[in-house]
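# A structural walkthrough
Given next are the chains, with one letter for each unit.
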2 protein chains.
Amino acid sequence: MRDLPNDPIERLIALLARTPGLGRRSARRAVLKMLMHPQDTMLPLADALTQAAQAVRPCETCGNLDARSPCGICRDPQRDRHLICVVEGVAELWALERAHAHRGLYHVLGGVLSPLGGVGPEDLAIQPLLSRIGEGGVEEVIVALPATVDGTATAHYLTDRLKPTGVAVTRLAQGVPVGGALDVLDEGTLAAALRARRPV
Amino acid sequence: MRDLPNDPIERLIALLARTPGLGRRSARRAVLKMLMHPQDTMLPLADALTQAAQAVRPCETCGNLDARSPCGICRDPQRDRHLICVVEGVAELWALERAHAHRGLYHVLGGVLSPLGGVGPEDLAIQPLLSRIGEGGVEEVIVALPATVDGTATAHYLTDRLKPTGVAVTRLAQGVPVGGALDVLDEGTLAAALRARRPV
């Protein structure tokens, strides 16, 4: 453990301050608060961290993170196995799960193509996706990649690779976010929403 | 462990979200980030939490939290043992230490008097402070309590209790914002207030 203080309190503050979203000041306050009731706060958190670190691994089928592999979603008999939603990462998978809008399975790509970042097709889980489709039963692949330059390029590339399999390929609709004010939206989104307008 | 999910990931998110300063959304993002390198992030943090929970206790002399008792400040031969700074809690003690402005010892009161909150003199470490002074060698007590109504009342009460001991009693200079908590103040203000302390 490099550059960490030996003192238990300072060491804990330094490690907790590495948590995304917590700065050093918040970490210090949190540690002080936890030290008031260490048995009720610090030991359960330590236990949960250890358990998660030991148990959680990527699902061998879809790439989701779970304590079991295949993951809970891949094992769920209620999920529609004809439908695979392709996402960039686990964060996006979890976001879609919170929306309760997708009842099919997932496939985590592990990134998007990035010529400048040195990310090529062989760095992404594209071949495993083709293998899953090759096993049969998949009817539609929803490409739910970010609407960035790299995300869009990856979606195009993926669509080309999926074409020979014969499955239907769809992508998320672009438009105005639900509850979003028009005047703070960027021009690209507004233009896309206008182009994709639908009769009421 | 009440009301906690069984799933290791959900359980960790729920526990981490209890950390002051982290909401559920930040906790989820932090867990996801940590799960990318669990051995380097989660296990050291779990270890530091366990160690701190087991080692850290209140100093039997001053009430500071430390892995040893008496604490590092009370043991430090460089500190001026004629000077005791009375603070409300450990957060305030740490804030003063960060300001590097006080070279004496501390005494953690464990709160301030609060008639409405049901906090009386017997709930605070006032008698232990008088005992420390009774052991001799203390020449000045700096009352560094918050400039709130309860803090000011506590400072007055404490001054009255200290009068018979014959030690000089001083307080932090005005310069501490009225109604402000000590532990969120910047070091410069704290240092200036300490330097300009005045007899009561």
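That block above? That's the structure.
So, here's what we can say about the structure. (Residues numbered from 1 in each chain as written. Chains lettered and ligands numbered in written order. Predicted model: local features only at pLDDT ≥ 70, side-chain atom pairs only at ≥ 80, totals over all residues. Heavy atoms only, no water.)

## Observations regarding the interface of chain B and chain A
Inclusion rule: The contact criterion used throughout is that any non-hydrogen atoms of two residues lie within 4.5 Å. The term buried area refers to how much accessible surface (probe radius 1.4 Å) is lost by two components on association, counted for both of them together. For this document, the term salt bridge refers to a Lys or Arg side-chain nitrogen within 4 Å of an Asp or Glu carboxyl oxygen. Comment: elements are numbered from the N terminus, with helices defined as DSSP H or I runs of at least four residues and strands as E runs of at least two.
Listed as interface residues are 43 residues of chain B and, on the opposing side, 43 residues of chain A. Between chain B and chain A, the buried area comes to about 4,000 Å², and carbon and sulfur atoms account for 79% of it. Ranking the residues of chain B by area buried against chain A places Leu32, Leu49 and Trp94 of chain B at the top, with a combined share of 15%. Seen at the junction of chain B and chain A, the total is zero salt bridges. Put simply, the parts of the chain that give the side of chain B that touches chain A at least two residues each are helix H1 (8-16), helix H2 (24-36), helix H3 (38-55), strand S2 (65-66) and helix H5 (90-99) of chain B. Considering every element that reaches the side of chain B that touches chain A, the biggest residue donor is H3 of chain B, with 13 residues.

## Structural notes on the side chain of Ser114 of chain B
Residues and elements named next belong to chain B. Condition: Burial here depends on accessible area, computed with a 1.4 Å probe over protein chains only, as a share of the maximum for the residue type. Under 20% is buried, over 50% is exposed, and the range in between is partly exposed. Identification of polar contacts relies on pairs of N or O atoms within 3.5 Å, with a donor-acceptor requirement for protein atoms, meaning one able to donate a hydrogen and the other able to accept it, and with residues adjacent in sequence counted only if both atoms are side-chain atoms.
Residue position: Ser114 is located in the loop between strand S4 (104-108) and helix H6 (126-134). With relative accessibility at 13%, the residue Ser114 sits in the buried group. Within the local environment of Ser114, its side chain forms a polar contact with the backbone nitrogen of Gly117, the two atoms lying 2.9 Å apart. Sequence-distant contacts of Ser114, defined by excluding residues within four places in its chain, comprise Val119 and Asp150.

## Description of the packing of helix H3 (residues 38-55) of chain A against H3 of chain B
In plain terms, the rule: Structural elements are reduced to axes, namely lines fitted to C-alpha atoms, with helices fitted over the stretch in contact, and the angle between N-to-C directions of any two is expressed from 0 to 180 degrees. For classification purposes, an angle smaller than 35 degrees is called roughly parallel, one larger than 145 roughly antiparallel, one from 65 to 115 roughly perpendicular, and anything else oblique. Here is the rule for handedness: rotate from the far helix to the near one, and if that takes an anticlockwise turn smaller than a right angle the crossing is left-handed, while a clockwise turn gives right-handed.
H3 of chain B packs onto H3 of chain A with a crossing angle of 155 degrees between their chain directions and a minimal axis gap of 8 Å. In terms of orientation, H3 of chain A lies roughly antiparallel with respect to H3 of chain B. Both H3 of chain A and H3 of chain B take part in a crossing whose hand is left-handed. Here Pro38, Gln39, Met42, Leu43, Leu45, Ala46, Leu49, Thr50, Ala52 and Ala53 of chain A of H3 of chain A lie close against H3 of chain B, whose contacting residues are Pro38, Gln39, Met42, Leu43, Leu45, Ala46, Leu49, Thr50, Ala52 and Ala53 of chain B.

## Brief notes about the pattern of salt bridges
This structure, assessed with the given rule, holds six salt bridges over all chains. In this structure, Lys163 of chain A engages Asp160 of chain A in a salt bridge whose closest nitrogen and oxygen atoms are separated by 3.9 Å.

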